[in-house]
Amino acid sequence: MSDFTVDRDSTKRVLGSAGTLVSYGTDEPAFEFNADGSYKGLLVEPAATNEIRNNTMVGAVAGTPGTLPTNWAEALSGLTREVVGIGVENGVDYIDIRLYGTATDTTSTIRFESQTQIVAADGETWTVSAWVKSISETDPPTQYSLGMFERTAAGALVISSATAITPSATLTRSSYTNTLSGGGTVERVQPAFVFGLVNGNTYDFTIRIGWPQMEKGAIATSAITTTGSAAVIRAKDDIILTSASSLIGQTAGTLYVEVDYKIVKSGTR
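Calculation rules
Residues numbered from 1 in each chain as written. Predicted model: local features only at pLDDT ≥ 70, side-chain atom pairs only at ≥ 80, totals over all residues. Heavy atoms only, no water. Helix = DSSP H or I, 4+ residues; strand = E, 2+ residues; numbered from the N terminus. Contact = heavy atoms within 4.5 Å. Salt bridge = Lys/Arg side-chain N within 4 Å of Asp/Glu carboxyl O. Pairing = 2+ DSSP bridges. Axes fitted to C-alpha atoms, helices over the stretch in contact; angles between N-to-C directions. Polar contact = N/O pair within 3.5 Å; in protein donor to acceptor, adjacent residues only side chain to side chain. Phe/Tyr/Trp six-rings, centres within 6.5 Å; stacked < 30°, edge-to-face > 60°. Lys NZ or Arg CZ within 6 Å of the ring centre and 35° of its normal.

Caption draft 1: Expanded view of unusual backbone geometry. Between T64 and the following residue, P65, the backbone shows a cis peptide bond with an omega angle of 5°. Relative to the helices and strands, P65 is located in the loop between strand 6 (48–50) and strand 7 (73–75). Of note in the backbone geometry, D27 takes a positive phi value of approximately 70° without being a glycine. Structurally, D27 is set in the loop between strand 3 (21–24) and strand 4 (31–33). For N71, which is not glycine, the phi torsion reads 85° and is therefore positive. For N71, the position within the fold is in the loop between strand 6 and strand 7.

Given below as structure tokens:
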């Protein structure tokens, strides 16, 4: 298809044939593969924005407690935090966080943004995603979840929600989609990783978190990396075929295209 071109004013990251995330440059077609290495197809997406300003772990420092990535926050409920280390797995920047000690409440959270950074409104649909891997579970939490805190403009909590995930020994992307429902006072949304606890129980576990992403819309789109100072937009893909003369007979013919699509809720992008 020599006449086939892509117009996209930014880089794009998709899963490659070797099982690692591959970066395609501006105007390069992004050919995606399945986890087993089989070819999936050309990934065509609308524009999207990762509202988490730092998902590549800039500013993180190993230690006890160490330092979380710039702009991240936490509410540990009696547990002690250790930043075990940062690194790259399968092309994904990650941080390993150990939590241990005796719980003083029913949840502990790692929050990927501040309380007032991400502007949102009641009725909007948002999706939070992250690559997750279980490193150690000496005394694991009762539940791992991806969640959202709906907040006022000043950062006061209105309502929270989450969905349970099951981390494994393989780095895998999980996501949670939620339509904000806290009412007219909701003006901000904060994405988080939530650990379910039993007040008074002791815990000791280590979790790997890579490339968290928070975007307006009903699906998790391809990874958008950020480095600390601002949200980042991935441009839309425009697919252009200037001439189909080599594909369709000049007397008569039909061009067939096989498409694997995901429905995006109207008005969310």
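Caption draft 2: Examining the environment of L43 more closely. Along the polypeptide, L43 turns up in the loop between strand 5 (39–42) and strand 6. Spatially, the C-alpha atoms of L43 and S222 are 8.9 Å apart, while their sequence positions differ by 179 residues. Apart from residues no more than four positions distant in its own chain, L43 is found in contact with K12, V14, A30, E32, S222 and D237.

Caption draft 3: Local environment of the pattern of salt bridges. The tally for this structure, following the rule as stated, stands at 13 salt bridges. The closest approach of N and O atoms between D237 and K12, which form a salt bridge, is 2.8 Å. Of this pair, D237 sits in the loop between strand 17 (232–234) and strand 18 (238–241) while K12 is found in strand 2 (residues 12–15), placing the two residues 225 residues apart along the sequence. Notably, a salt bridge pairs R208 with E89, separated by 2.7 Å at the nearest N-O pair. A residue pair is termed long-range when its members are at least 10 positions apart, and R208 in strand 16 (residues 202–216) and E89 in strand 8 (residues 80–89) qualify at 119 residues.

Caption draft 4: Expanded view of the sheet that holds strand 15 (residues 188–196). Strand order in the open sheet made by the five strands is 7-10-15-12-13, with antiparallel pairing throughout. Of all strands in the sheet, those bounded by a partner on one side alone are strand 7 and strand 13 (157–165). Averaged over all pairs of adjacent strands, the angle between strand axes in this sheet comes to 25°, irrespective of strand direction. Taken together, the five bridges between strand 10 (residues 107–111) and strand 15 define a ladder with antiparallel strand orientation. Counterpart to T109 in the pairing with strand 15 is V194.

Caption draft 5: Inspection of the environment of D122 at higher detail. Looking at where D122 falls in the secondary structure, it is placed in the loop between strand 10 and strand 11 (125–139). Measuring from C-alpha to C-alpha, the distance between D122 and E150 comes to 8.7 Å, with 28 residues separating the pair along the chain. What D122 contacts, discounting residues up to four positions off in sequence, is L180, S181, G182, G183, G184 and V186. Within the structure, the side chain of D122 is placed 3.2 Å from the backbone nitrogen of G182, a separation counted as a polar contact. Side-chain polar atoms of D122 contact the backbone nitrogen of G183, separated by 2.9 Å.

Caption draft 6: Looking closely at the packing of aromatic side chains. Enumeration according to the criterion identifies nine aromatic pairs in this entry. Considering the side-chain rings of F193 and F195, the 5.0 Å spacing of their centres and the 35° angle between planes classify their relative orientation as tilted. An aromatic cluster is built from Y144, F193, F195 and F205, whose rings are joined through pairwise contacts. Just above the ring of Y100 sits the side chain of R98; from NZ or CZ to the centre is 4.0 Å. Over the ring of F149 we find R111; its NZ or CZ atom is 4.7 Å from the centre of that ring.

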